[in-house]
Amino acid sequence: NRETAAMSGDSTTSVLQRGQVDLHDFVDWSGVECLNQSGSHSILNALKKGYREDVSLNLQSDADEQLLIYIPFTQVVKLHSVLIEGQEEEAPKTVKLFANRDHMGFSNVNDFPPSDSSILSTDNIKGQPVAVKYVKFQNVRSLTIFIEDNQSGSEITRVQKIVLYGTTVETTDMKGLKKIEDH
Amino acid sequence: ATIICIDNSEWMRNGDYSPNRFQAQADAVSLICGAKTQSNPENTVGVLTMAGKGVRVLVTPTSDLGKILACMHGLEVGGEVNLAAGIQVAQLALKHRQNKKQQQRIIVFAGSPVKHEKKVLEMIGRKLKKNSVALDIVNFGEEDEEKTEKLDGLLSAVNNNDSSHIVHVPAGPNALSDVLISTPIFTGDGEGGSGFAAAAAAAGGVSGFEFGVDPNLDPELALALRVSMEEERARQEAAAKKAAEEATKQVNAGDQQEGTSQDVTMAENVNSETSDPEKKIHDLMDDENALLQQALAMSMDDSSSTVAVRDTDMSDISAEDHDLQLALQLSVQDIDESEETEMNKALTDQSFVSSILASLPGVDPNDPHVKDLLASIQSQSE
C-alpha cells in the first residue's frame, strides 16, 4: 500500500503518513451515487480499481460542470487525504468535502458548511493528494464530494481518478458475528 | 415518487375531448395514480394544479390512493397555467419526499399553449436532469407547432437514457386515458413495467367495454366501477332525476329481473345476478337506500311523532302502493347483494321490516301484494 501511495504521490510523499491505506475496499458500492454524471461516463470510471487507472475512462459531468458524488462506506473510517486526478482544463478545481451528510442535492449542498474544501492546483490534478482536515474526518460513514467548478471553466468536468486514503476504525463487522452455540 | 401537474386552466373547458378536456384529464390522472400505487406499494404520488389562482400542491407524495383521489374532487377550472413554476414546484415537492432513495418523476399535462421561451424550458429541463428527475409530458388540448417544438426541446434537455417521455394525444374518438395506457407513461421503465401496465389495464381497460372490464368475466368489478363513476355524476342531479327514474324504473326493473314479463311480484327473482346494471337503477337504489335509512333511523327514535316526516319522504318517491313495493323490493335486493351494512342487517330482521312496512302510510299490511312481498323477504333471508 505504501508503495502505490508513494508512486502516485511523486515528489511530495510526505503528505502520506505511515499506515494510511487506500479505502477502495471499504466503499459500499451499492450506495455510491453521482448526480449530474453523464450516462456513459459514470463515477465508477474514476473510483473503481481498474477503471480509474485507465486513462480513456473518465467520469464526466452532464448538464453543467458540477458533480455531486456520494460515497458510503461499509464501516467507519478515518479520512486522511484525497487524490483527484484529471486532464488540465477540464479537471476539477473547487472541491468541497462533507462527512456523514446523506442525500444532498445541488440545491442544498451550499446550505451546509463543508467539513473541508480545497482548490486543486495543477500538481494536485497530476497526482498529488490533498491532505484533509483530519480532525473533521475521524468518524466517517459516508463522504460527499462536491465538485463546484473546473480548471478552465468549461461546460464539462472530467475526472480521471479519485482515491481516498485513510484508516479504518475498529467496527463490529455484523456479518462476522456468530451465534453462541449451546452445548 | 411521482408528482402529477394538472392543467386546470380556462383552456380545459373545451369539449373536443369527451366530455371536456378537464374531465378527460382528471380521468387519466386518476388512472395513473391507481396504476402507480398498485404496481408497487412503496410508490408515492402527489398532485398539483398549475392554473387557477396559482400553482398549488393538492397532495404531497403519498401511497394512500384514497387521499390522492379525494383531493381531486371539486377542482375548478380557470386562470392560466404557469408551466415553468409548476415544474419547479413539483421538483421542490419531490425533494422533500420521505424516502430519499425513490426515483423522482414529474408527469405534466400540457393542454394550454406554452407561453415560455424554448430556452427557458430547456434550462428547466437541464436542471431536472442534473438533479436526476425524470419528466413525462402529455401534450394534449391546444395544438400548434410552436408548442410541440418547445415541449420537444424540454424533453430532449431533460431526457437521460430514455427515462423521460413525451406523448402527443390529439382530440379524437378515443379517451385520453385509453391512449395513455399503452404509452411509456403507464408502462414505465424499471417501475415494475409489466405489472404497471397490467394494473393500468385492469383499472382503465383497453377493450371495448365501458370501463374495460368484461361484465361477464367480472360482474362485481364492472358493477363497482360503473356505480362509483355514475354515482358521482348523478349525485348532482339527484332531485331532477327522481321524477324521471320513477317513470322508467318500472320498465328497467322489469327488464333487469325477468327480461320480458312485467310481473308485479318479483319474489321469484330474488337471486338474479345484476349482470348488466342500468345506471338509473343504481341511482334509484342509492336514493331509496338513503331514504329508507332515514326512515329506519326515525322509526328507531320515535315512530309516532315522525310519521309526518316519513310521509313527506315517502311521498316524494311515489304516490302508488305498487311503485312503493317495487322500490322497496329493489332496495332490499340491492342491499342483500352488496357489502354488509347496518341496513342489510336491519332489513334481514323480518319483524323489523314488517313493522316498518306496516307503519308506512299508504301500505296496507293486508294487501295481497304486501303479503307476497313479506313472504319473499322471508324466503330471501333464509
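Presented here is a report on the structure given in the accompanying data block. (Residues numbered from 1 in each chain as written. Chains lettered and ligands numbered in written order. Predicted model: local features only at pLDDT ≥ 70, side-chain atom pairs only at ≥ 80, totals over all residues. Heavy atoms only, no water.)

### Topic: the packing of helix 3 (residues 83-95) of chain B against helix 4 (residues 118-130) of chain B
When two helices pack together, their arrangement is given by the angle between the helix axes and by the axis-to-axis distance.
Residues and elements named next belong to chain B.
Phase 1: The N-to-C vectors of helix 3 and helix 4 enclose an angle of 10°; their axes lie 11 Å apart at closest approach. The angle between the axes of helix 3 and helix 4 places the two elements in the roughly parallel class. Residues Leu83, Ala84, Ile87, Gln88 and Gln91 of helix 3 form the contact with helix 4, whose participating residues are Leu121, Ile124, Lys127 and Leu128.
Phase 2: Residue classes in the contact of helix 3 with helix 4 are distributed as six nonpolar, two polar and one charged. (Axes fitted to C-alpha atoms, helices over the stretch in contact; angles between N-to-C directions. Helix = DSSP H or I, 4+ residues; strand = E, 2+ residues; numbered from the N terminus. Parallel < 35°, antiparallel > 145°, perpendicular 65-115°, else oblique. Contact = heavy atoms within 4.5 Å. Nonpolar A, V, L, I, M, F, W, Y, C, P; charged D, E, K, R; others polar.)

### Quick notes on the nonpolar core
Phase 1: Counting residues in hydrophobic clusters, the biggest one holds 33 residues, and the most contacted among them are B:Ile4, B:Phe109, B:Val138, B:Leu176 and B:Leu180.
Phase 2: Mapped by element, the contributors of at least two residues to this core are strand 1 (2-6), helix 1 (21-39), strand 2 (45-49), strand 3 (56-62), helix 2 (65-71), strand 4 (104-110), helix 6 (176-181) and helix 7 (184-187) of chain B.
Phase 3: The leading source of residues in this core is helix 1 of chain B, at nine residues.
Phase 4: If near-sequence neighbours (up to four positions away) are discounted, B:Leu176 is found in contact with B:Ala24, B:Gln25, B:Ala28, B:Phe109, B:Val138, B:Phe140 and B:Val169.
Phase 5: By size, the runner-up hydrophobic cluster in this structure holds 32 residues, among which are A:Val32, A:Ala99, A:Val132 and A:Phe137. (Core = buried A, V, L, I, M, F, W, Y, C linked by side-chain atoms within 4.5 Å. Buried < 20%, exposed > 50% of the residue type's maximum accessible area, 1.4 Å probe, protein only.)

### Topic: helix 4 of chain B
Phase 1: In this model, helix 4 of chain B (13 residues) spans 18 Å end to end at C-alpha, consistent with the 18 Å of a helix rising 1.5 Å per residue.
Phase 2: Those residues of helix 4 of chain B not exposed but buried are B:Leu121, B:Ile124, B:Gly125, B:Leu128, B:Lys129 and B:Lys130.
Phase 3: Structurally, helix 4 of chain B contributes buried residues whose contacts are with strand 2 (33-35) of chain A together with helix 3, strand 4, strand 5 (133-139) and helix 5 (145-158) of chain B.
Phase 4: One or two residues past the end of helix 4 of chain B sits B:Ser132, with phi positive at roughly 65°. (Expected span 1.5 Å × (residues − 1).)

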